[in-house]
Amino acid sequence: MNAPHYPEPTWMRISGRKTPFYTRPLLGSELFDDRTSVLLDGMTDACVGFTFQSLYAADEVKQRARNAFARLRFSCPIIATNIVGDVSGPIPRSWVYAPVQSLSELTRWTNDAFCIVQHDLNVDAFVEETSQRRLPYQPQNASPIWFRCYLLLGSNNKHGLYFHGPHAIMDGGPTLNAFALMLQWMTNDVIEPAENLPWGTEWHNLPLGPVGATGGPREDWNIAGIELLKQLSDSETVHTIPLTVRPFRMSQSAVGKTCRLERVLDPTLTRRLVNKTRITGCSMSHLFEAAYCMVLLARNQLPPSVWDAYHFPGNSSAISLIPHLKLPYDTKTHFISSRSHIPIQISMAEISPIVSPRRQLLQLTQAIEQRYARFAAHPCMPHVQAARAYQPDALSEIPNFESSINNVGPMERRLPLSWKGRHTAEPVIELESVLFSVRLTSLTPIIHIWTMKGSLHVQIQANDAWPKADLQNLLDAICSRVCLVLEDFSQNPPGHPSDPPLSERSKL
């Protein structure tokens, strides 16, 4: 078992024929996200954004958003990098950044990377079209654009702001932090124009790798870290069949096109669920993971006599590195993929098939929680993903993408929903809804959950080979199993829990 690369590669200045540029290899989760995208035809490339109401006129919204996006390049220059190298080669691909040399160069880049879409704010159509585009964009006579910002102008002062880029940059937390920066600058009446920033020095804001950003090498890695890697590797070694999900009937599929559905639980039901999960000592992520496992058992119609031959490959185990960043590192501008993963696999031999559905849900939840807790608090965990990149044959493996539960948490803890101007009593920008979309080129669905304005949102998306009705049934079944935690549905037939009344909104 190898250690992370100590000392970790950092940004290196290369003197070019015209201007210098800076480069470093992709590290940790950046590397694995990039490999997933390249080898699986853009898999997990992300489109994330908000709809919002604004007191500003449309022209002023355009001016403020454009200036904020140019400032974002200064604070987070990773959005203007290129990614170069051969993903099938023996060494990782690299980021390459060329500092801005003139205001005309900044204007050209902003013209290519900041786009205004004028229509009736049909977010679903916009996201569907965007997710089918393969990154990078290729402007004429310009470097590739890997990250783009879209401003959607609608009617009645309702607009949308969206990022489209690779998951190697767009992790959930860092992406929402970047939106918070833009909204802060858009509503600041005294913010200076981006042109006045000291361009040419912005390369200092390029992000460190996962080891450097989290405080540097762990002194006990050679003992505790290596043992952790071995334990994680051992936990991935299984000899049973993984539970999977596939559509009952395949529909016509367009590459990259997704079917996306969302269910919104009203504030009363949301509060009950949150309180009950706290009482049972589990997280909402693992509760949904357990409910998903129950749905897989039902969809695969597996009799209890064969359960021992299967396991559930839980994948809600991404650990963000943002809470582990060390001062003086600024967490708000650390805009890059930054996480570790804990492999969680639950043998169905551990789960009783004869208990009530509610008890079965709790058994699964506790099993997932125990495995997660075993590794999550380990002091070497922030460096696990960085270390895995240096394991033998790490770059020769084909990525294995599984279903995942992505818990964003309370949106209001990520960024304010209301933004006031300097001289206004009421908000000049009010965020109304958020959307998380990823390009999916396999049949594996992906689920996001978050709370916003007191309601729990459950969003499922999948390759459009899934018929909408089938995906809706999958979403409904997961929500029904989750609600088993509220009370004992032992009077219901096994595998057919009651479906509590939920406020529902579905979207393609």
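Residues numbered from 1 in each chain as written. Predicted model: local features only at pLDDT ≥ 70, side-chain atom pairs only at ≥ 80, totals over all residues. Heavy atoms only, no water.

Caption draft 1: Seen up close, the overall build of the chain. Helices and strands together make up the secondary structure of the chain, namely 13 helices and 20 strands. For the chain, whose C-alpha radius of gyration is 23 Å, the value lies close to the compact-globule estimate of 23 Å for 508 residues. Overall size of the chain, expressed as C-alpha extent along the three principal axes, is 70 × 55 × 45 Å. The contacts of the chain with a sequence gap of at least 6 include a subset with a gap of at least 24, amounting to 79%. Roughly 21,500 Å² of accessible area belongs to the chain as shown, and the carbon and sulfur atoms make up 51% of that amount. Put simply, the chain has 46 plus and 46 minus side-chain charges, and the middle of one group is 2 Å from the middle of the other. (Helix = DSSP H or I, 4+ residues; strand = E, 2+ residues; numbered from the N terminus. Rg over C-alpha atoms; globule rule 2.2 N^0.38 Å. Contact = heavy atoms within 4.5 Å. Areas by Shrake-Rupley, 256 points an atom, 1.4 Å probe, with all protein chains shown as cover. Lys, Arg positive; Asp, Glu negative; His and termini not counted. Charge placed at Lys NZ, Arg CZ, Asp CG, Glu CD.)

Caption draft 2: Looking closely at the packing of helix 9 (residues 284-299) against helix 10 (residues 357-376). Between helix 9 and helix 10, the shortest axis-to-axis distance is 8 Å and the interhelical angle comes to 125 degrees. Overall, the two elements helix 9 and helix 10 adopt an arrangement that is oblique. Taken as a pair, helix 9 and helix 10 cross one another with a handedness that is right-handed. Between helix 9 and helix 10, the contacting residues are H286, L287, E289, A290, A291, C293, M294 and L297 on the first element and P357, Q360, L361, L364, T365, I368, E369 and Y372 on the second. Of the residues assigned to the contact of helix 9 with helix 10, the class counts are 11 nonpolar, 3 polar and 2 charged. (Axes fitted to C-alpha atoms, helices over the stretch in contact; angles between N-to-C directions. Parallel < 35°, antiparallel > 145°, perpendicular 65-115°, else oblique. Left-handed = near helix turned anticlockwise from the far one by under 90°. Nonpolar A, V, L, I, M, F, W, Y, C, P; charged D, E, K, R; others polar.)

Caption draft 3: The arrangement of the pattern of salt bridges in detail. Enumeration over the complete set of coordinates arrives at 19 salt bridges. One salt bridge in this structure joins R339 and D171, with 2.7 Å as the shortest N-O distance. Of this pair, R339 sits in strand 13 (residues 339-341) while D171 is found in the loop between strand 8 (158-165) and helix 5 (172-186), placing the two residues 168 residues apart along the sequence. In this structure, D470 and R299 form a salt bridge, with 3.1 Å as the shortest nitrogen-oxygen distance. With D470 in helix 13 (residues 468-482) and R299 in helix 9, this residue pair connects regions lying 171 residues apart in the sequence. Residues D470 and R299 agree in their burial class; the two are buried. A single salt-bridge network, built from bridges that share partners, covers D41, D45, R134 and R439. (Salt bridge = Lys/Arg side-chain N within 4 Å of Asp/Glu carboxyl O. Buried < 20%, exposed > 50% of the residue type's maximum accessible area, 1.4 Å probe, protein only.)

Caption draft 4: Focus on the sheet that holds strand 16 (residues 418-420). Read across the open sheet, the 6 strands follow the order 6-7-8-3-17-16; overall the sheet is mixed. The open sheet has two edge strands, strand 6 (114-118) and strand 16, and neither has a second partner. The average undirected angle you get between the axes of adjacent strands in this sheet is 25 degrees. Here 9 bridges tie strand 3 (residues 46-54) to strand 17 (residues 427-438), and the two strands are oriented antiparallel to one another. When the sheet's bridge partners are listed, F52 is paired in strand 17 with L431. The sheet strands contacting helix 2 (residues 58-75) are strand 3, strand 6, strand 7 (148-153) and strand 8, and the helix crosses strand 7 at an angle near 170 degrees. The sheet contacts of helix 3 (residues 103-113) involve strand 6 and strand 7, and relative to strand 6 the element is tilted by about 40 degrees. (Pairing = 2+ DSSP bridges.)

Caption draft 5: Spatial organisation of the pairing of strand 8. Across the 8 residues that make up strand 8, a large majority, 7, are buried. Note that strand 3 and strand 8 share 8 bridges and pair antiparallel. Pairing of G49 across the sheet is with Y162, part of strand 8. Between strand 7 and strand 8, which pair antiparallel and follow one another directly, the connecting turn spans 4 residues, one of which, N156, has a positive phi of 55 degrees.

Caption draft 6: Quick peek at the packing of aromatic side chains. Across all of its chains, the model carries 14 aromatic pairs by this definition. Centroid distance F126 to Y162: 5.6 Å. Interplanar angle 55 degrees. Geometry classified as tilted. Taken as a pair, F126 in helix 4 (residues 123-131) and Y162 in strand 8 lie far apart in primary sequence, 36 residues in all. Both residues of the pair, F126 and Y162, count as buried. Each residue in the set F50, F69, W109, F114, F147, F163, F179 and F335 is aromatic and connected to the rest through ring pairs, giving one cluster. Seen from the ring of Y137, R148 lies directly overhead, with NZ or CZ sitting 3.8 Å from the centre. The lysine or arginine in question, R299, covers the ring of F248, its NZ or CZ lying 3.9 Å from the ring centre. (Phe/Tyr/Trp six-rings, centres within 6.5 Å; stacked < 30°, edge-to-face > 60°. Lys NZ or Arg CZ within 6 Å of the ring centre and 35° of its normal.)

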